[in-house]
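Notes for the structure review
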Amino acid sequence: ASKNGGRNRFSYFTPDLQAAASARQNMGADLRAAIAAQQFEILYQPIVSLHSGAVYKAEALLRWRHPTRGLLGPAEFIPFAESNGLIGQIGDWVFREAARQAHAWQAAIDPSFQVSVNKSPVQFRRDADMYEGWFGYIEELGLPRQSIIIEITESILMQGADQVLERLRHFRAMGLQVALDDFGTGYSSLSHLKRFDIDYVKIDQSFVSQLEVDLGDLALCEAIIVMAHKLGLKVVAEGVETEGQRQLLLAAGCDYAQGYVFAHPMPAAQFEKMARESLR
Ligand code: C2E
Ligand code: MG
Ligand code: MG
Ligand code: MG
């Protein structure tokens, strides 16, 4: 708008857009400060073996303890971090923190313990050098590489598939595991399961929430599970909130589940206690 200059400067800027623009600016400044002030925290949600109830995996879920707005979930700030170029730094912090925690839990919970880390599509495309730093950090910790699962969403697979394939192959070649998150949403295709080099499929919670009442959703979940297993992949169901859903997924042969019926995302200390109890 400022290009026009003069008295018509804000002529096509509604008050709403102005407010949104200034909120975006504040958010950018706040986010930058947050990195320096270490206001980010990770909550961990158990990924539960449906068969045994044991917990050998956790998903790392990012939170921002904002000085005035309280504890914020990723939806409230990740999009800003992506458009402000700050997602790289934040993602780097999350990865290292998750790796450090995986290392600690291999001693405290079980030697095979894994931590699953979400990766922004934006970050997946950029920041190629960062990955070398990550492999170095894992090495430093003495952490087996398969201790880390990288979660990417299906939408990544739609953009620049060759480059994405290359990067996935690199991750797998380095020994990390890969999960396809939110499966079934967006432009999902069963052929992705074959074409891309992955270890886990995570069935999106939108297919899980109506499992007990929608036979179509049940059919979809069953089909995804059968297909994934034939391709040698493990399946995680997301957003399992009821005992009925848990039973249907178990009967359908689903391997793992996450959701409020088991536990909400929680601080590391509380998680450790819960996981240890699950293995007794
Ligand atoms: P996601 O990876 O699909 O994570 C699952 C989301 O479902 C989490 O929301 C979790 O708290 C929530 N959830 C877990 N169990 C249940 C349930 O039983 N019912 C319902 N309704 N929800 C459940 P959260 O923590 O708000 O995270 C939202 C999204 O933000 C994540 O979706 C992920 O895409 C993204 N995210 C989280 N942490 C990071 C991160 O470190 N980096 C990036 N780039 N994205 C992240
Ligand atoms: Mg995830
Ligand atoms: Mg998901
Ligand atoms: Mg999601």
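These remarks concern the structure in this document. These numbers were taken from a predicted model, which means no experiment stands behind them.

A short note on the site of ligand 1
Taken together, 22 residues are adjacent to ligand 1, and Arg63, Asn118, Asp181, Glu241 and Tyr260 come closest. Within the side chain of Asp182, a nitrogen or oxygen atom sits 3.0 Å from an oxygen atom of ligand 1. Between a nitrogen atom of ligand 1 and a side-chain N or O atom of Gln205, the distance comes to 3.3 Å. With the chains in place, 79% of the 800 Å² that ligand 1 exposes on its own is no longer accessible. Split into classes, the residues belonging to the shell around ligand 1 amount to eight nonpolar, six polar and eight charged.

Description of the coordination of the magnesium ion (ligand 3)
The coordination sphere of the magnesium ion (ligand 3) contains the protein donors Asp181 (OD), Asp182 (OD), Glu238 (OE) and Glu238 (OE), at a distance range of 2.0 to 2.4 Å. Mapped onto the sequence, the residues coordinating the magnesium ion (ligand 3) show the spacing D-D-x55-E. A separation of 4.2 Å is found between the magnesium ion (ligand 3) and the magnesium ion (ligand 2), which are bridged by Asp181. You can call Asp182 partly exposed: its relative accessible area is 25%.

Some details on the packing of aromatic side chains
Scanning all chains against the criterion turns up 13 aromatic pairs. Judged by centre distance (4.9 Å) and plane angle (75 degrees), the ring pair of Tyr44 and Trp105 falls under edge-to-face. Here Tyr44, found in strand β1 (residues 40-49), pairs with Trp105, found in helix α3 (residues 87-108); they are 61 residues apart in sequence, far enough to count as distant. Residues Phe95 and Trp134 carry aromatic rings whose centres are separated by 4.0 Å and whose planes lie at 5 degrees to one another, so their mutual orientation is stacked. Of this pair, Phe95 sits in helix α3 while Trp134 sits in helix α5 (residues 128-141); the two residues are 39 residues apart in sequence, bridging distant segments of the chain. A residue is classified by how much of its surface remains accessible, and Phe95, at 1% relative accessible area, is buried. Clustering of aromatic rings is evident, with ring pairs tying together Phe40, Trp64, Phe77 and Trp93. Across the ring face of Tyr137, the terminal group of Arg96 is positioned such that the distance to the ring centre comes to 5.2 Å.

Thresholds, definitions, all that
- Residues numbered from 1 in each chain as written.
- Chains lettered and ligands numbered in written order.
- Predicted model: local features only at pLDDT ≥ 70, side-chain atom pairs only at ≥ 80, totals over all residues.
- Heavy atoms only, no water.
- Near = heavy atom within 4 Å.
- Polar contact = N/O pair within 3.5 Å; in protein donor to acceptor, adjacent residues only side chain to side chain.
- Areas by Shrake-Rupley, 256 points an atom, 1.4 Å probe, with all protein chains shown as cover.
- Nonpolar A, V, L, I, M, F, W, Y, C, P; charged D, E, K, R; others polar.
- Donors = N, O, S within 2.8 Å, 3.2 Å for Na, K, Ca; no water.
- Buried < 20%, exposed > 50% of the residue type's maximum accessible area, 1.4 Å probe, protein only.
- Phe/Tyr/Trp six-rings, centres within 6.5 Å; stacked < 30°, edge-to-face > 60°.
- Helix = DSSP H or I, 4+ residues; strand = E, 2+ residues; numbered from the N terminus.
- Lys NZ or Arg CZ within 6 Å of the ring centre and 35° of its normal.

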